Structures are given as C-alpha cells and as structure tokens.
Amino acid sequence: MIKANSIYVLQGMIDYLNEVPYDVTRRQLYDAYDLYEDFHPDIPSTLRTCYDGKVYEHFIRTGKNALDVRESLARTVHDHGVHSALNEFFEQHDPHRCVGVMGGHALPRTTDQYRKIVLLSKRLTELGFVMLSGGGPGAMEATHLGAWLAGRTQDEVDDALLMLTPYPSFHDEGWLSSAFNVMERYPQQQKQYVSLGIPTWLYGHEPSTPFASHIAKFFDNSIREDAILTLPYGGIVYTPGSAGTMQEIFQDAVQNHYVSVGLTSPMIFVGCDFWTNQMPVYPMLQNLMQTGMYKNLILALTDDLDEVVQELQRFQDSLK
C-alpha cells in the first residue's frame, strides 16, 4: 500500500512538472529571445502572452510563496538549474572582472543619470569588464544598454538613446518594444562583450531588460539578491536609488567586513550630493570604519566617471 501510494504521488508530481509554463529542467541562462519568446515588438500587448508573461501570471496565480509542494519543488528545481548555469558562466568569465551596478529601478531613460550609467558601462565593457545588475529597468537597464553598445560610436549611442526617449518609464507600453528596436538596429558587435542580468519573477511587474546578453532569472529573490552582491568580485558601483539600493549597500558592506567571499571589493558611490546629503550613507560608512565597527571596506565617492574607472582598474592591479 505504501509503495502504491508513493508511485501515485510521484506520478502526480511528474504530471504537474509537465504542466507548468516554465522548463524545470533548464540548465542554461536565458537571453532576451528565450525570455520573451512570442513577444512581438509591434504588438506591445504580447508581453502578457509571451514566455515571461505566462510564467509571471502563473507565479502570481500559484502564490508568491507557493503553498503547493509541487509548485514549490518545481520552482526550486528551475532555480537550481539556473544557478548551475551561472557557475558555468563564471567558468568562462573571470568573476574578478565582474562589476555590479546598483541603483533605482524607476530611473527614467531621459535623465542625465541614465546616460552616465550607459557611458560608464560601455567604457568598462570595452576595457574587458563583465557588467552585472539586477536585470530590471532604470539604472539596471542603463547598465546593460551600455554593455550592449560597446564598440559603437558616440553618434550611435546618442541615436539609441533617442530611440528610447518616447518611452522613459517601464510603465510605458512601448518600453520593451523600443528596446528590441534598438537591439535590431544595433546588434552586438563582438561576442566578448557580454553582460549578466539577474532579475526575479518576484518583481515580475517590472520587465527584465532585454539588453543583458545573459539573463539568470530566478523565482527565489533571496537567491537573486545574494548573487547580484557576491558575484561581482571586481566591485560594485552604487548610483542613486531608494530602499532596495540601501539594502544592497549594507548587505555588501557586511560581506566585505567579514571577507565572506575571500576578498574585499570596492564600493564606489556615484553622486556626491546624493550619498552625503540626500541619503547620507557614505559618511555613515566612513564613521563605522573609523570607529572600528566595520572593517575591510574599500570606499570611494565621486561624480567623475574617470575616477570610477581608475578605482576599478586600481583594484584589478592590486590582484596581480
């Protein structure tokens, strides 16, 4: 009787895994064309019916915290496969040259800050860095747009930004379509120019940027948050943000304090007024260092993109 029940339960589990709208056996990172399969840029409403849209709808319908053990297991198996694919990615790309960019998800495409992140990311990608972000809109999108445009001229960058201007927010219906239009006009020039986006279906109402050449999308946001802060061994650049960025700063500071990953990486804050007056995190971290409550932090504050590059290059030199 016990064996018969076990077989029945196992068959039910297999049937369920075959019915979910995502591949639980996936062992590769996504790219834009996997994640947005069946999305048509000329029909923006197909975002809801493409692969990503179907998975998000299923995620919400079955619960952000799935109570059904079959769904919980399916998500866990999927995330395990994506995590394994991440490990394979860093067998091909040096994690010490991976640099993260954190910042506001609501940053409009039309702002000077967005443009600055694009130019910084483009420059770092051309210098051989692998850019990483949480894979969403705003500052995250700007990071991957810059990496996508690596090798392009300034005129081409300006034109790409102009194409995005009519849809400054991810709330705009043409936000995703305009991104795909830029990708079609300006395909990546060289295969070595890669970037890694790590989004989550927990924030599935914010579409993942298609500009990331490699996308590790997770159901479990705790896995995702850990990844975006531990994988960029080359350092993290903090641009103005709000609650999520604040969380990431202190999570990063803790792992640097304890040298959790075997080394301490730079924490570079871009925006002197923002980080000292509007959100005075930088002087707080300095004070914690001076009093000995935090140790091992490598801190920098600047408005100058050249200084950001110099700090990151200086850290690379220290590893040799």
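Just so it is clear, the structure is predicted and the values come from calculations on it, not from any experiment. (Residues numbered from 1 in each chain as written. Predicted model: local features only at pLDDT ≥ 70, side-chain atom pairs only at ≥ 80, totals over all residues. Heavy atoms only, no water.)

Things to note about the sheet that holds strand β1 (residues 98–102)
Pairing between the strands of a sheet is mediated by backbone hydrogen bonds and can be parallel or antiparallel.
No. 1: Spatially, β4-β3-β2-β1-β5-β6-β7 is the arrangement adopted by the 7 strands of the open sheet, whose pairing is parallel. In this open sheet, the two strands that pair with only one neighbour each are β4 (214–215) and β7 (298–302).
No. 2: Note: strand β6 (residues 266–270) against β7, 5 bridges, orientation parallel. Paired with P266 across the two strands is I298, which belongs to β7.
No. 3: The strands touched by helix α4 (residues 69–92) are β1, β2 (130–133), β3 (195–197) and β4; relative to β3, the strand with the most contacts, the crossing angle is about 165°.
No. 4: The sheet contacts of helix α13 (residues 305–318) involve β1, β5 (236–238), β6 and β7, and relative to β6 the element is tilted by about 180°. (Pairing = 2+ DSSP bridges. Helix = DSSP H or I, 4+ residues; strand = E, 2+ residues; numbered from the N terminus. Contact = heavy atoms within 4.5 Å. Axes fitted to C-alpha atoms, helices over the stretch in contact; angles between N-to-C directions.)

Quick look at helix α12 (residues 281–290)
No. 1: For α12, the complete set of buried residues consists of V281, Y282, L285 and L288. Taken down its axis, α12 places every buried residue within 125° of arc, on the same side.
No. 2: Tucked inside the fold, the buried residues of α12 contact α10 (243–257), β6, α11 (272–278) and β7.
No. 3: Two residues or fewer past α12, G292 is found with a positive phi of approximately 85°. (Buried < 20%, exposed > 50% of the residue type's maximum accessible area, 1.4 Å probe, protein only. Arc of directions from axis to C-beta.)

Observations regarding the environment of G151
No. 1: Along the chain, G151 turns up in the loop between α6 (139–148) and α7 (154–164).
No. 2: Relative accessible area serves as the criterion here: at 36%, G151 is assigned to the partly exposed category.
No. 3: Through-space distance from the C-alpha of G151 to that of K122 is 7.9 Å; in sequence the pair is 29 residues apart.

With respect to the pattern of salt bridges
No. 1: Counted according to the given criterion, the structure contains 14 salt bridges.
No. 2: Here E71 makes a salt bridge to R75, at a shortest N to O gap of 2.8 Å. Here E71 and its partner R75 are both found in helix α4, 4 residues apart, which amounts to about one turn of the helix.
No. 3: The class of R75 is buried, set by a relative accessible area of 7%.
No. 4: Here R123 and D306 are joined by a salt bridge, their closest N and O atoms 2.5 Å apart. (Salt bridge = Lys/Arg side-chain N within 4 Å of Asp/Glu carboxyl O.)

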